[in-house]
Amino acid sequence: MADPRTGDGAEKTLATSRLGGALLVSAFVVATCGLIYELLAGTLASYLLGDSVTQFSIVIGTYLFAMGIGSWCSRYVTTGELAVFVRVEILIAAIGGSSAALLFLLFDRVADFHIPLYGLVLVIGTLVGLEIPLLMRILKDRLEFGDLVSKVLTFDYIGALAASLLFPLLLVPQLGLIRTGFLFGLANVGVAIWLLLILPRSRALRAEMIVAIGVAVALAAGFIASERLQRAAEVAVYGAPILFAESTPYQRIVLTKQGVDLRLYLNGNLQFSSRDEYRYHEALVHPVLSRSVVHPHVLVLGGGDGLAVREILKYPVASVTLVDLDPAMTKLFRGSDMLAALNRGSLRSPKVSVINADAFAWLRTNTRRFDAVIVDFPDPTNFSVGKLYTVTFYKELARALMPGAVVSVQSTSPLVAPRAYWTVATTLEAAGFATRGYHVYVPSFGEWGFVLASNRAIPPAGPLPAGLRFLNGVTEQLAFAFPPDMARRAVPVNRLDNQALVREFEAEWGVFES
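Residues numbered from 1 in each chain as written. Predicted model: local features only at pLDDT ≥ 70, side-chain atom pairs only at ≥ 80, totals over all residues. Heavy atoms only, no water.

Caption draft 1: Region of interest: the overall build of the protein. Looking only at helices and strands, the protein has 17 helices and 11 strands in total. Across its three principal axes, the protein shows a C-alpha extent of roughly 105 × 45 × 45 Å. Of the contacts made within the protein by residues no fewer than 6 positions apart, 73% connect residues no fewer than 24 positions apart. Of the roughly 22200 Å² of accessible surface on the protein, a fraction of 62% belongs to carbon and sulfur atoms. Averaging the positions of the 43 positive and the 41 negative side-chain charges in the protein gives two centres separated by 3 Å. (Helix = DSSP H or I, 4+ residues; strand = E, 2+ residues; numbered from the N terminus. Contact = heavy atoms within 4.5 Å. Areas by Shrake-Rupley, 256 points an atom, 1.4 Å probe, with all protein chains shown as cover. Lys, Arg positive; Asp, Glu negative; His and termini not counted. Charge placed at Lys NZ, Arg CZ, Asp CG, Glu CD.)

Dropping the structure here:
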């Protein structure tokens, strides 16, 4: 007697098992892609709008709320759940996959960027929220309830873990935001095509297959052209031809060149213009070095472009130690002949040691002491940078100083953000430093501020090197005078547990830029 299991029943069981397995794999892909789109929106918002904590908090909250809407809407899908699931996958692939490119292109072309940003997050979150309830309803006849819930949620959580590890460690450094979006859009539409190929009665979904293939082709074309799209978006944002652009694990580095004006942007924020950077860097370095009784060993924190080091090497120093987080930055400004000409080969000097490390962590393990320190960190636009302006950080810095050592700290604009500026001085004083504020006019930035600090009384200025283009005895003396609109304010100390500086900075610059 023939075994009935080898007939149509067995084939049906095998097909059902294949489909069930495919749907569980889909749960993994759904979770991975969904979290990637969420991370893309949060990262892109942080790059373009600043204040990463605020942007990520709003994006995550909006996305989870939208998923709740999608889950609630799934109750209205009463028939054809599998077909609806495939259509949702195709929609998510098209919208989520192109979201990063679309947001970059819209940033400089819309009056309020928040509308398309959170609109896309709402749409993607709603569609992702539809998927898991649909999956569970599709699988309910194939698995026991307990087994169903545990397997779907297990695949879902594993996918979330994969996304959270891949995004910062591999995807952003190697592919960038736009290409990552297109890649995961292809993963979404790939799931849809795979399900259409193994679905029973898939001929009834021929239109869905045609649309899915079209979306896949469009996403593949976007992936191939992603660098051009990124450049086009950045040209619109920066208003100048892009000379160099690279996404690293730490930041987006962009160099533009318009005529003779070379500009460096990190995460969309201007770091210098070659037309007037000498004003900034002479003001940053020479008030320190001219006041140092001895200056054989100098420490630079930040300043991976080597421009501060260029000014330091105008003195008879024995060594310069530069600590900058991003190896791509120091490699670029050491290896490029054009950029080395700007910093006069400072990073190639045998006196200079470059250490690529987090300055906070490095100071905690450092045992050397220095005669002068230049602190040239980016503005405190987010909490990860804000920690480098806290009383805890400055106490660590104090341990690295010789008695009487002088420090300068770039401290944002005392005209645009006076409360943020004086918070830096107040925090240094809370860490035990004597301070003196000063400011200079840099055309690319406007009025810009610095704070001198020392573990002893700050000494008077000594002679300056010959050949400076901006700073002399008169301009340096004038730099220490503050008019009423930049006068000192009563402000809180910036601590790790309050990050008052970041909030002051965002509030003041937000009003200025609105």
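Having put the structure on the table, let's press on.
Caption draft 2: Structural context of the environment of leucine 468. Mapped onto the secondary structure, leucine 468 falls in the loop between β11 (446-454) and α16 (473-479). Taking C-alpha positions, leucine 468 is 8.6 Å from tyrosine 278, a pair spaced 190 residues apart along the chain. Dropping the residues within four chain positions of it, leucine 468 is found in contact with Glu282, His286, Glu311 and Lys314.

Caption draft 3: Focus on the side chain of serine 413. Assignment of secondary structure puts serine 413 in the loop between β9 (401-410) and α15 (418-430). Classification of serine 413 by relative accessible area gives buried; the value is 1%. (Buried < 20%, exposed > 50% of the residue type's maximum accessible area, 1.4 Å probe, protein only.)

Caption draft 4: Molecular detail of α15. For α15, built from 13 residues, the straight-helix expectation of 18 Å at 1.5 Å per residue is met to within 8% by its first-to-last C-alpha distance of 18 Å. With 10 of 13 residues buried, α15 lies mostly within the body of the structure. Along α15, the residues classified as buried are Pro418, Ala420, Tyr421, Trp422, Thr423, Val424, Ala425, Thr426, Thr427 and Leu428. Of the residues one or two after α15, glycine 432 is the one with positive phi, at around 100°. (Expected span 1.5 Å × (residues − 1).)

Caption draft 5: Region of interest: the packing of aromatic side chains. Applying the stated criterion to the full structure yields 17 aromatic pairs. Ring plane angle 40° and centroid distance 5.9 Å describe the contact between tyrosine 421 and phenylalanine 482, whose orientation is recorded as tilted. With tyrosine 421 in helix α15 and phenylalanine 482 in the loop between α16 and α17 (500-513), this pair connects stretches of sequence that are 61 residues apart. For tyrosine 421, a relative accessible area of 0% puts it in the buried group. Here phenylalanine 482 falls in the partly exposed class, since its relative accessible area comes to 23%. With centroids separated by 5.1 Å and ring planes inclined at 40°, the aromatic side chains of phenylalanine 445 and tryptophan 448 adopt a geometry described as tilted. Take phenylalanine 445 and tryptophan 448: they sit in the same class, and that class is buried. (Phe/Tyr/Trp six-rings, centres within 6.5 Å; stacked < 30°, edge-to-face > 60°.)

Caption draft 6: Region of the structure containing empty space enclosed by the protein. Under the definition given, this model contains two cavities of 30 Å³ or more. Each pocket or cavity is described by its volume, and for the largest cavity that value is around 70 Å³. In terms of lining, the largest cavity is formed by Tyr47, Leu48, Phe104, Glu234, Val237, Tyr238, Arg252, Asn267 and Gly268. Looking at the lining of the largest cavity, the element that brings in the most residues is helix α7 (residues 226-238), giving three residues. Of the residues assigned to the lining of the largest cavity, the class counts are five nonpolar, two polar and two charged. For the second largest cavity, the calculated volume is near 50 Å³. (1 Å grid on protein atoms, 1.4 Å probe; cavity = no way out; pocket = protein on both sides within 12 Å on 5 of 7 lines; lining within 4 Å. Points joined across faces, edges and corners; volume = space filled by probe spheres on them. Nonpolar A, V, L, I, M, F, W, Y, C, P; charged D, E, K, R; others polar.)

Caption draft 7: Molecular detail of the nonpolar core. Counting residues in hydrophobic clusters, the biggest one holds 93 residues, and the most contacted among them are Leu301 and Tyr394. If you tally residues by element for this core, the top one is helix α8 (residues 277-289), at seven residues. Those residues in contact with tyrosine 394 that lie beyond four places of it in its chain are Leu388, Tyr389, Val409, Val424, Thr427, Leu428, Ala431 and Phe433. The next biggest cluster of nonpolar side chains, apart from the first, holds 68 residues, and it includes Ala101, Val128, Val189 and Met209. (Core = buried A, V, L, I, M, F, W, Y, C linked by side-chain atoms within 4.5 Å.)

Caption draft 8: Representation of a nonpolar patch on the surface in the model. Taken together, Leu161, Leu165, Leu166, Leu169 and Leu170 make up a surface patch of nonpolar side chains, about 480 Å² in accessible area. Assignment of secondary structure puts leucine 169 in helix α5 (residues 145-198). (Patch = residues over 30% accessible without salt bridge, like charges linked within 9 Å, V, L, I, M, F, W, Y side chains within 5 Å. Salt bridge = Lys/Arg side-chain N within 4 Å of Asp/Glu carboxyl O.)

Caption draft 9: How the structure looks around the sheet that holds strand β3 (residues 261-266). If you walk across this open sheet you meet the four strands as β1-β2-β3-β4, and the pairing is antiparallel. Here the strands that pair on one side only, and so sit at the sheet edges, are β1 (242-247) and β4 (269-273). Across the sheet, the mean angle separating the axes of adjacent strands is 15° when strand polarity is ignored. With four bridges connecting them, β3 and β4 associate as antiparallel partners. Considered in β4, the bridge of arginine 263 is made with serine 273. (Pairing = 2+ DSSP bridges. Axes fitted to C-alpha atoms, helices over the stretch in contact; angles between N-to-C directions.)

Caption draft 10: Looking closely at unusual backbone geometry. Positioned with a positive phi, threonine 412 is a non-glycine residue whose angle comes to about 65°. One can find threonine 412 in the loop between β9 and α15. You can call threonine 412 buried: its relative accessible area is 2%. Despite not being glycine, glutamine 499 shows a phi value in the positive range, around 45°. Mapped onto the fold, glutamine 499 is located in the loop between α16 and α17.

Caption draft 11: Region of interest: the sheet that holds strand β5 (residues 297-302). Strand order in this open sheet of seven strands is β7-β6-β5-β8-β9-β11-β10, and the pairing throughout is mixed. Among the strands making up the open sheet, the edge pair consists of β7 (352-356) and β10 (434-442). The mean inter-strand angle of the sheet, taken between neighbouring strand axes irrespective of direction, is 15°. Contacts between helix α14 (residues 391-399) and the sheet are confined to β5, β8 (370-376) and β9, with β9 contributing the most and set at about 140° to the helix.

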